[in-house]
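Letter by letter, the chains look like this.
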Amino acid sequence: MAKHLVLVGGGHAHMVTLANLRKFIERGHKVTVLGPSPYHYYSGMGPGMLSRLYRPEQIRFATRRVVEKQGGDFILGKAARVDAANRTIHLESGETLTYDVVSFNAGSYVPYTIVKDPANDIFAVKPIERLIEAQRRILQLVSQKKVAVGIIGGGPAAAEVAGNLWRLAKDHGRYMPEIRIFSGEKFMARFPAGVRKKAIHSLTRRRIGILEQGFVKEVRSNEITMQSGQRYDVDLIILALGIKPSPIFQDSGLPTGPDGGLLVNRYLQGHQYPEIFGGGDCIYFQERPLEKVGVYAVRENPVLYHNLMASLEGKGLQPFDPGGDYLLIFNMGDGTGILYKKWLTLDGRLAFIIKDYIDRRFMGKYQSIE
Ligand SMILES: Cc1cc2nc3c(=O)[nH]c(=O)nc-3n(C[C@H](O)[C@H](O)[C@H](O)COP(=O)(O)OP(=O)(O)OC[C@H]3O[C@@H](n4cnc5c(N)ncnc54)[C@H](O)[C@@H]3O)c2cc1C
């Protein structure tokens, strides 16, 4: 019997399902995809888009076009809550959507808890498309005067954004900004000393400041206040600090992990409700908590595709194996990268060339279905 599959978010873990949407429809199922934008932006190339190395259209998938071309329905909107007992999704617009099987790939967000009013010229690194607005504003500012930019966060997103912002101003600005990373107590703390050292060297030799003297308490337009009480005047702030899974699940009273992500079993299937699935940053994988990196979302693709089809057709599910160590390469914005896998670290031009090749190939593969 024909069933209704709903995909909430067209993120990195839904790529294979989206590429094979026609197969669901050929089997008589109805497919609806819900997303706040007709496009999905690939985060791995986000910092490169900030520096204008890539154009926005090079780093995004035309989700709506891919869905409609294959006979699916695309709804422009955001899921706010799920009524799992009645298999109903409530949209922010007030509309509702019922499903037989649903899969969530709604990603993560940067919490705004430290942001106080007034809050102009404050941008977050997620959603990635916000970097387009940040870029526009930075270019406006650096064409007028020497400005100070504060980047809050101590991980790779902060490092990549700082390096690429430097690049943007260097290539397209009139005045070089003063860029400072407010990194808490230790910049790149979860990485080995070699990676940390390379990242610090790459940024500080371009006079990008890295503060490791404590955490930011609050920010408002043009001002950053530390927990120590010390204040910094800035013209623009970018929030690149600890992302959180989409709040949909906690707001719906669904079983979640300690971080608020949808609790899923080894089949990427929700607890209590076997017709709920999920992948990417918005889930909490019960067997082994996973880092919030796109690598896992990408690895989940084939299993999610198989299990959605199997669930609609009453067939057996496949377990997800997160696999071993993964490769990370940071785009430092000056034509160099820092590559890191297990015990291997490599920095310089070659690392960036490898990243650029992998990212373009990934985009090419999925853009070709558009
Ligand atoms: C600057 C930056 C650089 C990064 N670089 C890398 C990297 O090089 N390698 C790596 O492995 N990881 C990287 N990451 C981490 C990576 O971004 C995430 O792990 C990855 O985006 C997770 O993919 P996702 O599909 O789960 O979520 P997302 O990419 O956030 O996608 C979620 C999708 O769901 C949609 N959506 C959101 N809310 C709703 C809603 N309520 N209803 C419907 N749809 C919704 C969004 O529009 C979006 O299309 C980076 C992160 C940042 C911030």
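Above this text you will find the structure in question.
Since the model is a prediction, treat every value here as computed from it, not as a measurement.

Asks: Quick question: what am I supposed to make of the overall build of the protein here?
Replies: The helix and strand tally for the protein stands at 10 helices and 25 strands. Taken against the 2.2 N^0.38 rule, which gives 21 Å for 370 residues, the C-alpha radius of gyration of the protein at 21 Å falls within 12% of a compact globule. Dimensions along the principal axes, computed over C-alpha positions, put the protein at roughly 65 × 45 × 35 Å. Residues classed as buried in the protein amount to 54% of the 370 residues present. Across the protein, contacts joining residues at least 24 apart in sequence account for 66% of those joining residues at least 6 apart. Element-wise, carbon and sulfur atoms account for 49% of the exposed surface of the protein, whose accessible area totals about 16400 Å². Between the averaged position of the 49 positive side-chain charges in the protein and that of its 36 negative side-chain charges there is a distance of 5 Å.

Asks: What should I look at first to understand the side chain of H12 in this one?
Replies: Tracing the sequence through the fold places H12 in the loop between β1 (4-8) and α1 (15-19). What makes H12 buried here is its relative accessible area of 11%. Side chain to side chain, H12 and H40 meet in a polar contact 3.3 Å long.

Asks: Please clarify how the sheet that holds strand β16 (residues 223-226) should be interpreted in this entry.
Replies: Taken in spatial order, the three strands line up as β15-β16-β17 in an open sheet, and their pairing is antiparallel. Across the chains shown, the open sheet's two edge strands, defined by having one partner strand only, are β15 (216-220) and β17 (231-233). Averaged over all pairs of adjacent strands, the angle between strand axes in this sheet comes to 15 degrees, irrespective of strand direction. With three bridges connecting them, β16 and β17 associate as antiparallel partners. Each bridged residue has a counterpart across the sheet, and for I224 the counterpart in β17 is Y232.

Asks: Sorry, what's going on with the sheet that holds strand β23 (residues 328-331) here?
Replies: In a beta sheet, neighbouring strands are held together by backbone hydrogen bonds and run either parallel or antiparallel to one another. Ordered by their spatial adjacency, three strands build an open sheet running β23-β24-β25, and the pairing between neighbours is antiparallel. For this open sheet the edge positions go to β23 and β25 (344-348), each flanked by a neighbour on one side alone. Averaged over neighbouring strand pairs, the angle between their axes works out to 10 degrees when direction is ignored. Direction of pairing for strand β24 (residues 337-341) relative to β25: antiparallel, over a ladder of five bridges. Opposite I338, over in β25, you have D347 as the bridge partner.

Asks: How should the side chain of E160 be read in this particular structure?
Replies: With respect to the helices and strands, E160 occurs in helix α6 (residues 156-172). For the buried E160, no salt bridge exists, and the shortest N-O distance to an oppositely charged side chain is 4.5 Å, to K355. When residues no more than four places from it in sequence are discounted, the contact partners of E160 are P47, I329, F330, N331 and K355.

Asks: Looking at this structure, I do not really get the site of the ligand. What am I missing?
Replies: Near the ligand there are 28 residues, and of these H12, H40, S43, K126 and D281 occur at the shortest range. Within the side chain of S43, an N or O atom sits 2.7 Å from an oxygen atom of the ligand. Contact distances for the ligand include 3.4 Å between an oxygen atom and a side-chain N or O atom of K355. If the ligand stood free it would expose 1000 Å²; the protein chains cover 88% of that surface. Put simply, the parts of the chain that give the shell around the ligand at least two residues each are β2 (30-35) and α9 (294-313).

Asks: Would you explain the layout of surface pockets in this entry?
Replies: Rolled over the atoms, a probe with the dimensions of a water molecule shows which regions are left empty. Estimates place the volume of the second largest pocket at around 180 Å³. Lining the second largest pocket we find R190, F191, R288, E291, Y296, G324, D325, Y326, L328, Y340 and K342.

Asks: Even after reading the chapter, I still don't get the packing of aromatic side chains, so can you show me in this structure?
Replies: We describe a pair of aromatic rings using the distance from one ring centre to the other and the angle between the two ring planes. Summed over all chains, the structure comprises 11 aromatic pairs. Both rings, one in F61 and one in F362, keep their centres 6.1 Å apart while their planes meet at 85 degrees; by these two values the pair is edge-to-face. Of this pair, F61 sits in strand β4 (residues 60-61) while F362 sits in helix α10 (residues 349-367), and the two are 301 residues apart along the sequence. F362 sits in the buried class, given a relative accessible area of 13%. Each ring, one from F182 and one from Y232, has its centre 5.1 Å from the other, and the planes form 75 degrees; the classification is edge-to-face. Taken together, the residues span a long stretch of sequence, with F182 in strand β13 (residues 178-182) and Y232 in strand β17 at a distance of 50 residues. One exposure class covers both F182 and Y232, and it is buried. A cation sits over an aromatic face here: R60 above Y39, 3.8 Å from the ring centre. The cationic tip of R206 hangs over the ring face of W166; the distance from NZ or CZ to the ring centre is 4.7 Å.

Asks: What is the right way to look at the environment of N164 in this model?
Replies: Mapped onto the secondary structure, N164 falls in helix α6. By relative accessible area, which is 0% here, N164 ends up buried. Every residue in contact with N164, bar those within four places of it in the chain, is listed here: P47, G48, L50, S51, N331, M332 and G333.

Asks: In this structure, what is going on with empty space enclosed by the protein? I would like to understand it.
Replies: A full pass over the atoms with the stated rule returns two cavities of 30 Å³ or more. Within this model, the largest cavity holds a volume of roughly 60 Å³. Forming the boundary of the largest cavity are M15, L18, F61, T63, V66, Y366 and I369. Of all the secondary-structure elements, those providing two or more residues to the lining of the largest cavity are α1 and α4 (63-69). When its residues are assigned to classes, the lining of the largest cavity shows six nonpolar, one polar and no charged.

Cut-offs applied
Sequence order as written defines the numbering, with residues in each chain counted from 1. Note on the predicted model: pLDDT of at least 70 is required for a residue's local features to be given, and 80 or more for side-chain atom pairs to be given and counted; whole-chain, interface and lining totals, by contrast, use all residues. Values shown for side chains rest on all heavy atoms present in the structure; no hydrogens or waters enter the calculation. What counts as a helix is a DSSP run of H or I of at least four residues, what counts as a strand is a run of E of at least two, and both are numbered from the N terminus. Radius of gyration here uses only the C-alpha atoms, and the compact-globule reference equals 2.2 Å multiplied by the residue count raised to the power 0.38. Buried means the residue's accessible area, taken with a 1.4 Å probe over protein chains only, is under 20% of the maximum for its type, while exposed means over 50%, and partly exposed covers the values in between. Contact definition: two residues touch when any of their heavy atoms are within 4.5 Å. Using a 1.4 Å probe, accessible areas were evaluated by the Shrake-Rupley method; residue-level cover was limited to the displayed protein chains. The positive count covers Lys and Arg only, the negative count covers Asp and Glu only, and His and the chain ends enter neither. Think of each charge as sitting on NZ of Lys, CZ of Arg, CG of Asp or CD of Glu. N or O atoms closer than or at 3.5 Å make up a polar contact, with two conditions inside protein: a donor-capable atom paired with an acceptor-capable one, and, for residues adjacent in sequence, both atoms drawn from side chains. For two strands to be treated as a pair, DSSP must find no fewer than two bridges joining them. Helix axes are fitted to C-alpha atoms over the stretch in contact, other axes to C-alpha atoms as well, and angles between N-to-C directions run from 0 to 180 degrees. Counted as salt bridges are all cases of a side-chain nitrogen of Lys or Arg within 4 Å of a carboxyl oxygen of Asp or Glu. Here a residue is near a molecule or strand as soon as one of its heavy atoms is found within 4 Å of it. Buriedness of a pocket was judged along seven lines, with at least five required to meet protein on both sides within 12 Å; pockets are open sets of points on a 1 Å grid over the protein atoms alone, cavities are sets where a 1.4 Å probe fits but cannot get out, and lining residues have an atom within 4 Å of a point. Grid points are joined across faces, edges and corners, and a volume is the space filled by probe spheres set on the points. The rule is short: rings of Phe, Tyr and Trp, with Trp giving its six-membered ring, pair when the centres are within 6.5 Å, and they are stacked under 30 degrees, edge-to-face over 60, tilted in between. We call a charge positioned above a ring when the Lys NZ or Arg CZ atom is no farther than 6 Å from the ring centre and deviates by at most 35 degrees from the ring normal. Residues are grouped as follows: nonpolar covers Ala, Val, Leu, Ile, Met, Phe, Trp, Tyr, Cys and Pro; charged covers Asp, Glu, Lys and Arg; every other residue, Gly included, is treated as polar.

What is shown is where atoms sit, not what they do.
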